[in-house]
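For reference, the chains in residue letters:
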Amino acid sequence: MTHKGHDHRKCMALFEKMSEYIDRELDEEARALVDAHIRACCHCQACYETLQRTVDLCRSSAADYPLPDSLSEKLRAMIEAAGR
Amino acid sequence: MTRREIMNGKKTVRDEDFELVQAINNGRTDLFQQLVEKYQQKIYNFGMRMCGESRDAEDLVQETFLTIFRYLKGFRYETRFKNWMYRVATTTCLKAKRKPKHAPERELSLEEFMPGEGEDLPDQAPDWAQRPLDQLLNEELAAHIKNAIIDLPKKYRMVMVLRDQEGFSTEETAQMLDISVSNAKVRLHRARLFVREKLKGYFDHDA
Ligand SMILES: [Zn+2]
């Protein structure tokens with residue numbers, strides 16, 4: 001990797017934890033370390049922003065699909081038959 | 001509201017469906033239709049996100065509700081009803097034969113998403129990560145995201161759909177799939193990295 005001026009291993013360790021960071025699943029201490037690293041490392045900042053955006057896009061694109069017209073009727077008939 | 005209480009030493013979760021499920025289990029099977037009407041959209045969405053095609057999603061909805069109808073009596077309210085229902089849906093989905101057009105069942109490794117030695121890393125996030133979300137999201141992009149998720153191997157796809165689209169917590173997802181919390185986290189992270197690569201490809205191509 002081409003990170004200049006600081007420890008690459010930190011970037012690698014952070015890369016592994018990025019989703020937990022996004023999901024706020026890290027404890028306070030680990031979170032503070034990531035915050036500090038991201039402020040100092042533009043590559044990890046960029047990596048974080050693209051992953052966060054990926055998550056946001058997945059969430060926001062999850063709209064309801066139109067239900068097929070026949071589905072409710074099929075389900076009703078199926079349950080009626082099963083209940084007999 | 002979900003209220004946990006200790007009954008006979010066992011945890012019981014009282015959720016919004018508790019009384020309806022109790023009534024059905026006490027003989028009012030006619031009320032089962034209410035459960036179907038309440039949740040058919042959710043399970044259909046889940047089916048579409050997992051299978052990508054309405055015929056397969058319909059099959060999933062039918063099988064899921066049929067299984068729930070048959071086994072509801074055995075449901076002990078150790079989780080919310082909704083979570084149990086999704087557990088049935090995920091099990092049904094995992095049992096379904098793999099479609100030839102779907103991604104092969106393979107492991108995703110962290111390494112495949114790491115930048116290579118000597119590769120130039122961006123100093124700044126690309127435009128697609130910085131522009132306001134509502135300026136970015138359109139039908140074409142939504143379709144691309146849907147396809148990227150469909151391209152994931154199933155066990156990764158399932159975790160990502162449950163976490164990032166159905167809105168379940170890591171713990172709930174792990175419980176539904178009978179996997180550890182750390183396993184759920186690993187799968188989710190790799191799935192997100194996979195989808196991110198697809199998005200990069202999409203936007204690079206666009207540029
Ligand atoms: Zn870094």
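Everything quoted here is computed from the prediction, not taken from an experiment. (Residues numbered from 1 in each chain as written. Chains lettered and ligands numbered in written order. Predicted model: local features only at pLDDT ≥ 70, side-chain atom pairs only at ≥ 80, totals over all residues. Heavy atoms only, no water.)

A. Representation of the layout of surface pockets. All names here are of chain B. By volume, the second largest pocket amounts to about 300 Å³. Cys51, Asp56, Cys93, Ala96 and Lys99 are the residues nearest the centre of the second largest pocket, which is lined by 16 residues in total. Residue assignment for the lining of the second largest pocket shows that the elements contributing at least two residues are helix H2 (32-51), helix H3 (54-71), helix H4 (81-95) and helix H8 (154-165). Top contributing element to the lining of the second largest pocket by residue count: H3, with four residues. When grouped by side-chain class, the residues that make up the lining of the second largest pocket number five nonpolar, two polar and nine charged. (1 Å grid on protein atoms, 1.4 Å probe; cavity = no way out; pocket = protein on both sides within 12 Å on 5 of 7 lines; lining within 4 Å. Points joined across faces, edges and corners; volume = space filled by probe spheres on them. Helix = DSSP H or I, 4+ residues; strand = E, 2+ residues; numbered from the N terminus. Nonpolar A, V, L, I, M, F, W, Y, C, P; charged D, E, K, R; others polar.)

B. View of the packing of aromatic side chains. Residue and element names in this part refer to chain B. Inspection of every chain in the model, using the stated rule, returns 12 aromatic pairs over all chains. Relative to Tyr77, the ring of Phe18 lies with its centre 4.8 Å away and its plane at 55°, an arrangement referred to as tilted. Taken together, the positions of Phe18 in helix H1 (residues 18-25) and Tyr77 in the loop between H3 and H4 put the pair 59 residues apart, joining distant regions of the chain. Judged by relative accessible area, Phe18 falls into the buried class, the value being 9%. Overall, the relative accessible area of 3% leaves Tyr77 in the buried class. Among the aromatic side chains, those forming a connected cluster through ring pairs are Phe18, Tyr39, Phe75, Tyr77, Phe81 and Trp84. (Phe/Tyr/Trp six-rings, centres within 6.5 Å; stacked < 30°, edge-to-face > 60°. Buried < 20%, exposed > 50% of the residue type's maximum accessible area, 1.4 Å probe, protein only.)

C. Structural context of the environment of Met85(B). Residue and element names in this part refer to chain B. Here Met85 is to be found in helix H4. Linking Met85 and Phe65, residues 20 residues apart in sequence, is a C-alpha distance of 8.4 Å. When near neighbours in sequence (up to four residues on either side) are disregarded, Met85 contacts Tyr39, Ile43, Thr64, Phe65 and Ile68. (Contact = heavy atoms within 4.5 Å.)

D. View of the domain arrangement of chain B. Residues and elements named next belong to chain B. Domain boundaries assigned for chain B yield domain 1 (3-95) and domain 2 (111-198). Listed by partner, the interface residues are 17 residues for domain 1 and 16 residues for domain 2. A combined buried area of about 1500 Å² lies between domain 1 and domain 2, and 58% of that area is made up of carbon and sulfur atoms. Its largest share of buried area at the contact with domain 2, domain 1 owes to Arg49, Met50 and Arg87, together 41% of the area lost on that side. Here domain 1 is connected to domain 2 by three salt bridges. Note that Arg87 is salt-bridged to Asp178, the shortest N-O span being 2.7 Å. Taken together, domain 1 and domain 2 are joined by eight residue pairs in polar contact (both at pLDDT 80 or more). Counting residues per element, the ones that place at least two in the side of domain 1 that touches domain 2 are H2 and H4. In terms of residue class, the side of domain 1 that touches domain 2 is built from seven nonpolar, five polar and five charged. (Domains from an automatic or database assignment. Buried area = accessible area lost by both parts, 1.4 Å probe. Salt bridge = Lys/Arg side-chain N within 4 Å of Asp/Glu carboxyl O. Polar contact = N/O pair within 3.5 Å; in protein donor to acceptor, adjacent residues only side chain to side chain.)

E. Structural detail: the interface of chain B and chain A. The interface of chain B with chain A comprises 57 residues on the first partner and 45 residues on the second. With both sides pooled, the region where chain B packs onto chain A buries about 4600 Å², and carbon together with sulfur makes up 63% of that total. The largest contributions to the chain B side of the interface with chain A come from His189(B), Arg192(B) and Arg196(B), which together make up 13% of the buried area. Where chain B packs against chain A, one counts eight salt bridges. The salt bridge partner of Glu58(B) is Lys74(A), with a shortest N-O separation of 2.8 Å. Across the chain B-chain A interface, the total number found is 21 residue pairs in polar contact (both at pLDDT 80 or more). Put simply, the parts of the chain that give the side of chain B that touches chain A at least two residues each are H2, H3, helix H5 (127-130), helix H6 (133-136), helix H7 (139-150), H8 and helix H10 (181-206) of chain B. For the side of chain B that touches chain A, the leading source of residues is H2(B), giving 10 residues.

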